[in-house]
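Coordinate analysis (summary)
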Amino acid sequence: MIFNSTDLIILSGYLALVFGLVIYYSRKASNITQYFLADRSIPWFAIGAALFATDISCAHVGLASTGFSSGLAVSNFVLSACVVLVILGWLFTPFYLKTGVFTMPEFLEKRYNEKCRWYLSTVSIAAYILTKVSVTLLAGGIVLKHVMGWDIYTSALVLVLTTGIYTLLGGSRGIFMAQVMQAIFLIIGSGLLVYYGMDEVGGVAGLKAKVPVDYFQIFKPMNHPEFPWTGMVFGTLILGIWYWTTDQYIVQITLSAKNINHARSGTFFAA
C-alpha cells in the first residue's frame, strides 16, 4: 500500500497547514510564559481539544491493533479516561493553577522539597525515553514503513525530525492551534473510517458474523488471560490517575487555561 500522487498532495497540504499555524503563532511568543503556557490564555474548548489530540498518538496504533485481535475489552483504557479527566479538572487542577507552576516537578518542589523535584524529573525523563518515546517512534515507524514504503529507521528518523521542528518552533500557542485542528481531523477521519469500514463488512450484522461471540464484551471474566474485569476496572484507573493527573505532557495543557473555570471545562469537554 504505497501513497499515490493525490495522497502525497493531501498529506503535504496537511503538514504545511500544521507547520504554518505553528510558525505563525510562534512569532508571538516573547517570554517564557507565552512559550510554555501560551500566556495562560487558552479557552476551554481548545484545552479539551488539545487533551484529546495529545492523547491520540502513534502509540494508539497498538491499542487499535489489540482491539482488532482481542475485541472491545481494551477500550476500558479509554473509558477510564472519561472518569479520570473529571478528577483532573475537579480535584487536581485547582492546586496546580494556584501555585503558578510550569511543570509537575516544580509543583512537587513547592509542595515538598527539592529532592522530590529531582526524583520526579529523573524518573519522568527515563520513563519517557524507555516507554513513550520509543514506543511512539516504533509504532509510527511501522505505519510509515507500510504506507510510504520506507525502512523502519528512515521512518523513525522522519518522525524525530518533524516532531522536533514542530515542538521547537511552535511554542504552546502554536501547538494549541494545531492540536485543535488535528482534533477536528481526527474525529472526522475516524467517523469516515467507521462509515466506510462498516459498509465493507456488511454493517453491524455483517461485522458480528465475522468476529468471535465475545468480541463486543467489555468486561471479561476474572480469569481471562488478557483482560480480566478486575484489571480493566481497577488497573486502568490506577494507570489513568498517574497519566491524566500527574503527567507533564497532559498537565501542562491545563496550566495554559485562562482560569480555573476554563481549565475545568476543558477537562470535562475532553472527557
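Everything below is about the structure shown above.
For helix α12 (residues 260-270), the set of buried residues is His262, Ala263, Arg264, Gly266, Thr267 and Ala270. Among the structural elements, α3 (44-55), α5 (76-99) and α11 (248-255) are those in contact with the buried residues of α12. The N-cap residue of α12 is Asn259: its side-chain oxygen and the backbone nitrogen of Asn261 are 3.0 Å apart.

The next subject is the layout of surface pockets. Roughly 190 Å³ of internal volume is contained in the second largest pocket. Taken together, Met104, Pro105, Leu108, Leu120, Val123, Ser124, Ala127, Tyr128, Trp242, Thr246, Asp247 and Gln248 form the lining of the second largest pocket. Looking at the lining of the second largest pocket, the element that brings in the most residues is helix α7 (residues 114-148), giving 5 residues. Residues of the lining of the second largest pocket, tallied by class, amount to 8 nonpolar, 3 polar and 1 charged.

It is worth spelling out unusual backbone geometry at this point. In the Ramachandran plot, Asp39 falls in the positive-phi region, its phi being about 60° despite a non-glycine side chain. Summarising the element assignment, Asp39 is placed in the loop between α2 (32-37) and α3. On the accessibility criterion, Asp39 (39% relative accessible area) is partly exposed. A positive phi angle, near 50°, is found at Arg40, a position not held by glycine. Along the polypeptide, Arg40 turns up in the loop between α2 and α3. For Arg40, a relative accessible area of 25% translates into the label partly exposed.

Counting 31 residues, the largest nonpolar core has Ile47, Leu51, Tyr96, Phe176 and Trp244 as the members making the most contacts within it. If you list the elements that add at least two residues to this core, you get α3, α5, α6 (104-111), α8 (152-201), α10 (229-246), α11 and α12. Among the elements that take part in this core, α3 stands out by supplying 6 residues, more than any other. Setting aside residues no more than four positions away along its own chain, Ile47 makes contact with Ile42, Phe176, Ile253, Ser256, Ala257, His262, Ala263, Gly266 and Thr267. One finds Val18, Val22, Ile175 and Met181 within the second-largest nonpolar core, a separate group that totals 6 residues.

Per the counting criterion, the structure on display carries 10 aromatic pairs. Both rings, one in Trp242 and one in Tyr243, keep their centres 6.1 Å apart while their planes meet at 45°; by these two values the pair is tilted. The class of Tyr243 is buried, set by a relative accessible area of 13%. Taken together, the aromatic side chains of Trp44, Phe45 and Phe269 make up a single cluster linked through ring pairs. Residue placement shows Arg111 over the ring face of Tyr112; its charged tip is 4.9 Å from the ring centre.

How each quantity is defined
- Residues numbered from 1 in each chain as written.
- Predicted model: local features only at pLDDT ≥ 70, side-chain atom pairs only at ≥ 80, totals over all residues.
- Heavy atoms only, no water.
- Buried < 20%, exposed > 50% of the residue type's maximum accessible area, 1.4 Å probe, protein only.
- Helix = DSSP H or I, 4+ residues; strand = E, 2+ residues; numbered from the N terminus.
- Contact = heavy atoms within 4.5 Å.
- Polar contact = N/O pair within 3.5 Å; in protein donor to acceptor, adjacent residues only side chain to side chain.
- 1 Å grid on protein atoms, 1.4 Å probe; cavity = no way out; pocket = protein on both sides within 12 Å on 5 of 7 lines; lining within 4 Å.
- Points joined across faces, edges and corners; volume = space filled by probe spheres on them.
- Nonpolar A, V, L, I, M, F, W, Y, C, P; charged D, E, K, R; others polar.
- Core = buried A, V, L, I, M, F, W, Y, C linked by side-chain atoms within 4.5 Å.
- Phe/Tyr/Trp six-rings, centres within 6.5 Å; stacked < 30°, edge-to-face > 60°.
- Lys NZ or Arg CZ within 6 Å of the ring centre and 35° of its normal.

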